[in-house]
Amino acid sequence: MAERSSLNEMDILSVIEGFLQIVPETLNDGYTVDLGDLGSMGVIAKSEPTETEEEFNESHIEGAKVVFRPGKLLKTAMKTADFVRISENGH
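Residues numbered from 1 in each chain as written. Predicted model: local features only at pLDDT ≥ 70, side-chain atom pairs only at ≥ 80, totals over all residues. Heavy atoms only, no water.

(A) Spatial organisation of the confidence of the model for the chain. When pLDDT is averaged across the chain, the result is 93; 98% of the residues are at 70 or more. Here helix α2 (residues 72-79) stands out as the least confident element of the chain, with mean pLDDT 93; strand β1 (residues 33-34) is the most confident, with 97. (pLDDT = per-residue confidence, 0-100. Helix = DSSP H or I, 4+ residues; strand = E, 2+ residues; numbered from the N terminus.)

(B) Highlighting the sheet that holds strand β2 (residues 39-47). Judged by pairing direction, the sheet is antiparallel, and its three strands sit side by side in the order β1-β2-β3 without closing on themselves. At either margin of the open sheet sits one strand with a lone partner, and together these are β1 and β3 (61-70). Two strands pair when backbone bridges link them, and β1 and β2 are joined in this way by two bridges, in the antiparallel orientation. Note on β2: the bridge partner recorded for valine 33 is methionine 41. Across the sheet, helix α1 (residues 9-28) lies against β1, β2 and β3, angled at about 40 degrees from β2, the strand it touches most. (Pairing = 2+ DSSP bridges. Contact = heavy atoms within 4.5 Å. Axes fitted to C-alpha atoms, helices over the stretch in contact; angles between N-to-C directions.)

Structure, rendered in C-alpha coordinates:
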(Lines give C-alpha, C1' and ligand atoms only; values in the text may rest on other atoms or scores of the structure.)
Protein backbone atom coordinates (compact mmCIF):
# COMPACT_ATOMS: atom_id res chain seq x y z
CA MET A 1 0.00 0.00 0.00
CA ALA A 2 2.88 2.34 0.72
CA GLU A 3 4.13 1.84 -2.83
CA ARG A 4 0.73 2.87 -4.19
CA SER A 5 0.23 5.98 -2.07
CA SER A 6 2.00 8.98 -0.59
CA LEU A 7 1.89 7.36 2.87
CA ASN A 8 4.85 5.56 4.35
CA GLU A 9 4.71 2.06 5.79
CA MET A 10 4.53 3.26 9.41
CA ASP A 11 1.57 5.56 8.63
CA ILE A 12 -0.29 2.68 7.00
CA LEU A 13 0.45 0.30 9.87
CA SER A 14 -0.79 2.95 12.32
CA VAL A 15 -4.08 3.34 10.43
CA ILE A 16 -4.57 -0.43 10.25
CA GLU A 17 -3.88 -0.77 13.98
CA GLY A 18 -6.44 1.95 14.71
CA PHE A 19 -8.95 0.20 12.45
CA LEU A 20 -8.40 -3.11 14.27
CA GLN A 21 -9.05 -1.39 17.61
CA ILE A 22 -12.17 0.55 16.64
CA VAL A 23 -14.01 -2.15 14.65
CA PRO A 24 -14.61 -4.49 17.64
CA GLU A 25 -15.66 -1.52 19.80
CA THR A 26 -18.08 -0.31 17.13
CA LEU A 27 -19.59 -3.78 16.65
CA ASN A 28 -19.90 -4.27 20.44
CA ASP A 29 -21.83 -1.00 20.61
CA GLY A 30 -24.36 -2.45 18.16
CA TYR A 31 -23.34 -0.50 15.09
CA THR A 32 -22.61 -1.71 11.57
CA VAL A 33 -19.15 -0.95 10.19
CA ASP A 34 -19.61 0.47 6.69
CA LEU A 35 -16.58 0.00 4.44
CA GLY A 36 -18.12 1.65 1.38
CA ASP A 37 -17.93 -0.35 -1.84
CA LEU A 38 -15.86 -3.00 -0.05
CA GLY A 39 -18.83 -4.04 2.12
CA SER A 40 -20.04 -3.90 5.68
CA MET A 41 -19.73 -5.84 8.92
CA GLY A 42 -22.32 -6.33 11.59
CA VAL A 43 -23.27 -8.62 14.44
CA ILE A 44 -26.12 -11.11 14.35
CA ALA A 45 -27.35 -12.99 17.40
CA LYS A 46 -29.28 -16.21 17.86
CA SER A 47 -31.67 -16.40 20.78
CA GLU A 48 -34.39 -18.46 22.39
CA PRO A 49 -37.88 -17.06 21.83
CA THR A 50 -39.95 -15.60 24.66
CA GLU A 51 -43.68 -15.01 24.89
CA THR A 52 -43.30 -11.29 25.49
CA GLU A 53 -40.67 -8.62 24.96
CA GLU A 54 -40.56 -8.00 28.71
CA GLU A 55 -39.49 -11.62 29.35
CA PHE A 56 -36.50 -11.37 27.05
CA ASN A 57 -33.09 -10.78 28.61
CA GLU A 58 -29.43 -11.48 27.91
CA SER A 59 -29.69 -15.08 29.16
CA HIS A 60 -31.85 -15.91 26.12
CA ILE A 61 -29.03 -15.09 23.69
CA GLU A 62 -27.40 -18.33 22.56
CA GLY A 63 -24.60 -16.82 20.54
CA ALA A 64 -23.47 -13.97 18.35
CA LYS A 65 -21.21 -13.75 15.34
CA VAL A 66 -19.79 -11.14 13.03
CA VAL A 67 -21.03 -11.27 9.45
CA PHE A 68 -19.46 -9.60 6.45
CA ARG A 69 -21.63 -8.46 3.57
CA PRO A 70 -19.57 -7.81 0.45
CA GLY A 71 -20.16 -4.58 -1.41
CA LYS A 72 -19.99 -3.69 -5.12
CA LEU A 73 -16.20 -3.81 -5.29
CA LEU A 74 -15.89 -7.37 -4.01
CA LYS A 75 -18.97 -8.63 -5.85
CA THR A 76 -17.57 -7.31 -9.12
CA ALA A 77 -14.12 -8.74 -8.41
CA MET A 78 -15.58 -12.18 -7.72
CA LYS A 79 -17.52 -12.15 -11.00
CA THR A 80 -14.28 -11.75 -12.94
CA ALA A 81 -12.02 -13.88 -10.74
CA ASP A 82 -10.02 -16.71 -12.29
CA PHE A 83 -9.76 -19.92 -10.31
CA VAL A 84 -7.04 -22.52 -10.68
CA ARG A 85 -6.64 -25.91 -9.09
CA ILE A 86 -3.86 -26.16 -6.52
CA SER A 87 -2.46 -29.61 -5.90
CA GLU A 88 -1.53 -30.97 -2.48
CA ASN A 89 2.07 -29.82 -2.89
CA GLY A 90 0.91 -26.23 -3.48
CA HIS A 91 1.51 -25.97 -7.25
